[in-house]
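Each chain, letter by letter, is given below.
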Amino acid sequence: MSDGVEAGLHCMLVLAGLRDGKVLSGKSLAELHGVSESYLLKHLRALTASELLEALPGPRGGFRLGRPAASITLLDIVEAIDGARPFFVCREIRRRGPGKASDPCVYSTDCFIKTRMLAADQDWRNALSHQTVADLVSDSEKFIDDHNKQAVARFVDEQAR
């Protein structure tokens, strides 16, 4: 999974806390998370293209959630940034080296390693499809310390447009 997914998840959490009608610029989100603006904008554009974010243009523009936090799954975010393809790609290395079979019929079924890895990928995707940005908001209320909450809230209040 790319680093962009982590950045995207954190941005979605922050944007879920914006007051109605407010946006945060890509520059502000990059500063808040200590990443380069150009790097983050690439991922914010992917989230916008998937309609998970809404981008408002212009000097007073910025980003906000494209729909309610409870309807955006963590899988939506992962797939917007990294794509929907499985993370495991079987390269059929079983067909190489001194142990390879000369009879091509031996390879008529999928590799059992591929089968297990794709099943695990599906389980992981299923788990992410049942967790939402609203769940992250709930977790943040429990697990982020008061100092951090206040610092982020101050930053967001100062930067929100």
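Residues numbered from 1 in each chain as written. Predicted model: local features only at pLDDT ≥ 70, side-chain atom pairs only at ≥ 80, totals over all residues. Heavy atoms only, no water.

A closer look at the overall build of the protein
Working step 1: Along the protein, the regular secondary structure elements total 7 helices and 2 strands.
Working step 2: Each helix and strand of the protein, ordered N terminal to C terminal, gives the series α-α-α-β-β-α-α-α-α.
Working step 3: Taken over C-alpha atoms, the radius of gyration comes to 20 Å for the protein, far larger than the 15 Å a tight globule of 161 residues would show.
Working step 4: For the C-alpha atoms alone, the extent of the protein along its principal axes is close to 70 × 35 × 25 Å.
Working step 5: Taking all 161 residues of the protein together, the buried fraction comes to 31%.
Working step 6: Residue pairs at least 24 apart in sequence account for 68% of intrachain contacts in the protein once pairs closer than 6 positions are excluded.
Working step 7: For the protein, the computed accessible surface area is about 10,100 Å², with 54% contributed by carbon and sulfur atoms.
Working step 8: Positive and negative charge centroids in the protein, built from 21 and 22 side chains respectively, lie 6 Å apart. (Helix = DSSP H or I, 4+ residues; strand = E, 2+ residues; numbered from the N terminus. Rg over C-alpha atoms; globule rule 2.2 N^0.38 Å. Buried < 20%, exposed > 50% of the residue type's maximum accessible area, 1.4 Å probe, protein only. Contact = heavy atoms within 4.5 Å. Areas by Shrake-Rupley, 256 points an atom, 1.4 Å probe, with all protein chains shown as cover. Lys, Arg positive; Asp, Glu negative; His and termini not counted. Charge placed at Lys NZ, Arg CZ, Asp CG, Glu CD.)

Examining the side chain of His-43
Working step 1: Looking at where His-43 falls in the secondary structure, it is placed in helix α3 (residues 37-49).
Working step 2: Excluding anything up to four places from it in sequence, His-43 contacts Gly-4 and Ile-81.

Some remarks on helix α2 (residues 26-33)
Working step 1: Within the sequence span of α2, burial applies to Gly-26, Ser-28, Leu-29 and Ala-30.
Working step 2: Elements that come into contact with the buried residues of α2 comprise α1 (3-16), α3, β2 (62-65) and α7 (146-159).

Quick look at the pattern of salt bridges
Working step 1: On inspection of all chains with the given rule, the structure shows 7 salt bridges.
Working step 2: A salt bridge links Glu-54 to Arg-64; its shortest N-O distance comes to 3.1 Å. Remark: Arg-64 occurs in strand β2 and Glu-54 occurs in strand β1 (residues 53-56); sequence separation between them is 10 residues.
Working step 3: Since its relative accessible area comes to 23%, Arg-64 is described here as partly exposed.
Working step 4: Within this structure, Glu-79, Asp-121 and Arg-125 form a network of salt bridges that share partners. (Salt bridge = Lys/Arg side-chain N within 4 Å of Asp/Glu carboxyl O.)

Comments concerning a nonpolar patch on the surface
Working step 1: There is a patch of nonpolar side chains on the surface, built from Phe-112, Ile-113 and Met-117 and spanning about 330 Å² of accessible area.
Working step 2: Take Ile-113: it is sitting in helix α5 (residues 112-129). (Patch = residues over 30% accessible without salt bridge, like charges linked within 9 Å, V, L, I, M, F, W, Y side chains within 5 Å.)

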